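Below, each chain spelled out in residue letters.
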Amino acid sequence: MPAPTAPAPVWTVVVAGGGGTRFGGPKQYVELAGRRTIDWSLAAARSVSDGIVVVVPAADVDGPIPDADSVVAGGETRSASVRNGLAAVPDDAAVVLVHDAARPAASPALFRAVVEAVRSGADAVVPGVAVTDSLRRRSGGAVDRDGLVAVQTPQGFAAAVLRAAHASGADASDDASLVEAAGGTVEVVLGETTNVKLTHPGDRVALELTLASRSGQGAPA
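Basis of the calculations
- Each chain carries its own residue numbering, running from 1 in the direction its sequence is written.
- With pLDDT at 70 or above as the cut-off, local features in this predicted model cover only qualifying residues; side-chain atom pairs require 80 or more to be listed or tallied, and sums for whole chains, interfaces and linings still use all residues.
- As a rule here, side-chain values come from all non-hydrogen atoms in the structure, and water together with hydrogens is ignored.
- Starting at the N terminus, helices and strands are each numbered in turn, a helix being any DSSP run of H or I of at least four residues and a strand any DSSP run of E of at least two.
- Only C-alpha atoms enter the radius of gyration, while the globule expectation follows 2.2 Å times N to the 0.38, with N the number of residues.
- The contact definition used throughout considers only heavy atoms, calling two residues in contact when any of these lie within 4.5 Å.
- Accessibility throughout is a Shrake-Rupley quantity obtained with a 1.4 Å probe, and a residue counts as covered only by protein chains that appear here.
- Just so you know, the count uses Lys and Arg for positive and Asp and Glu for negative, and it drops His and the chain ends.
- We put the charge of a Lys on NZ, of an Arg on CZ, of an Asp on CG and of a Glu on CD.
- Put simply, a nonpolar core is a bunch of buried Ala, Val, Leu, Ile, Met, Phe, Trp, Tyr and Cys residues held in one set by side-chain atoms that sit within 4.5 Å of each other.
- Here's how the labels work: a residue is buried when its accessible area is under 20% of the maximum for its type, exposed when over 50%, partly exposed in between, all with a 1.4 Å probe on protein chains only.
- Within this document, salt bridges are pairs made up of a side-chain nitrogen of Lys or Arg and a carboxyl oxygen of Asp or Glu, the two lying within 4 Å of each other.
- Any two strands with at least two DSSP bridges between them are considered paired.

Draft legend 1. Geometry of the overall build of the protein chain. Of regular secondary structure, the protein chain possesses 6 helices and 12 strands. A compact globule built from 221 residues would reach a C-alpha radius of gyration of about 17 Å, and the protein chain, at 17 Å, matches this within 12%. For the protein chain, the C-alpha atoms occupy an extent of roughly 60 × 40 × 40 Å along the three principal directions. In the protein chain, the proportion of contacts linking residues at least 24 apart, taken out of those at least 6 apart, comes to 69%. Just so you have it, the protein chain exposes about 10,600 Å², and 53% of that area is on carbon and sulfur atoms. The protein chain carries 18 positive and 24 negative side-chain charges, and their two centres are separated by 6 Å.

Draft legend 2. View of the nonpolar core. By size, the foremost hydrophobic cluster in this structure holds 26 residues, and its most contacted members are Val14, Ile38, Leu42, Val54, Leu97, Phe111 and Val125. Broken down by secondary-structure element, the contributors of at least two residues to this core are β1 (10-15), α1 (37-46), β4 (51-56), β6 (95-100) and α3 (108-119). Broken down by element, this core gets its largest block of residues, 6 residues, from α3. With residues up to four places along the chain from it excluded, the contact list for leucine 97 reads Val10, Trp11, Thr12, Val13, Val48, Phe111, Val114, Val115, Gln155 and Gly156. Counting residues in hydrophobic clusters, the runner-up holds 21 residues, among them Leu86, Val89, Ala165 and Val179.

Draft legend 3. Looking closely at the environment of valine 95. Along the chain, valine 95 falls in strand β6. A residue is classified by how much of its surface remains accessible, and valine 95, at 4% relative accessible area, is buried. Each C-alpha atom of the pair valine 95 and serine 49 lies 9.3 Å from the other, and the pair is 46 residues apart in sequence. In this structure valine 95 touches Pro9, Val10, Trp11, Val118, Arg119, Phe157 and Ala159, once residues within four positions along its chain are discounted.

Draft legend 4. How the structure looks around the pattern of salt bridges. A full pass over the atoms with the stated rule returns 7 salt bridges. Arginine 78 is the salt-bridge partner of aspartate 175, the closest N and O atoms lying 3.0 Å from each other. On the criterion of sequence distance, the pair formed by aspartate 175 in helix α5 (residues 175-181) and arginine 78 in helix α2 (residues 78-87) is long-range, its members being 97 residues apart. With relative accessibility at 23%, the residue arginine 78 sits in the partly exposed group. In this structure, the salt-bridge partner of aspartate 100 is lysine 197, at a minimum N-O distance of 3.9 Å. On the criterion of sequence distance, the pair formed by aspartate 100 in strand β6 and lysine 197 in the loop between β12 (186-190) and α6 (203-212) is long-range, its members being 97 residues apart. Taking the relative accessible area as the measure of exposure, aspartate 100 reaches 9% and is therefore buried.

Draft legend 5. Local environment of the pairing of β4. Burial runs high along β4: 6 of the 6 residues are buried. Neither face of β4 is exposed, since Gly51, Val53 and Val55 on one face and Ile52, Val54 and Val56 on the opposite face are all buried. Sheet analysis places β1 next to β4, joined by 5 bridges and oriented parallel. Paired with valine 13 across the two strands is valine 53, which belongs to β4. Judged from the 4 bridges that link them, β4 and strand β5 (residues 70-73) form a sheet pairing that is parallel. When the bridges of β5 are listed, valine 54 appears paired with valine 71.

Remember, this is a structural readout, not a statement about activity or role.
Structural data, given as structure tokens:
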């Protein structure tokens with residue numbers, strides 16, 4: 001009887017290259033519930049990943065990132081930073097996740113759901129949560145929120161599809177948009193309302209509560 005085939009490798013690119021302008025400083029290193037923001041994100045990514053590439057500001061490349069397999073410098077834009085990280089992902093990776101370090105409360109269960117959806121055949125997978133606020137355009141006019149979702153990370157991709165989408169050198173607000181622009185399809189899995197992005201100082205309150213409630217007071221559940 002042949003031995004079972006090992007699952008194809010999964011790698012995660014954790015994007016932590018921003019300067020945190022709206023936050024008032026480098027938010028990826030802010031302590032939340034006893035750990036740095038980036039360390040929470042790395043721990044959740046490690047639960048599904050064979051390897052992790054972290055993208056940081058050039059000045060921080062030699063800094064302490066203990067759970068990373070590779071640390072590279074970011075680029076001028078988010079997309080350029082992802083491309084720098086993607087270049088460090090081995091060629092045999094079959095699934096690549098891209099996660100914002102500033103979303104430290106994304107759970108290992110969410111990471112698994114994204115990986116499973118990619119392995120089931122999706123080009124790209126994004127977590128999304130329903131939009132509950134009323135929406136209006138700045139220039140006037142209400143927007144129908146039915147069918148809309150707020151997109152989160154981790155986003156997952158068939159590795160070859162993500163590499164091809166980035167080959168053009170184009171920029172977009174997220175990687176799923178690049179895949180879609182290149183003709184790929186994007187699937188949505190249920191996101192988590194607690195998966196808040198650390199953008200403004202006030203976001204710390206909700207994240208502290210969520211992370212402090214995790215088992216072990218510092219270990220992702």
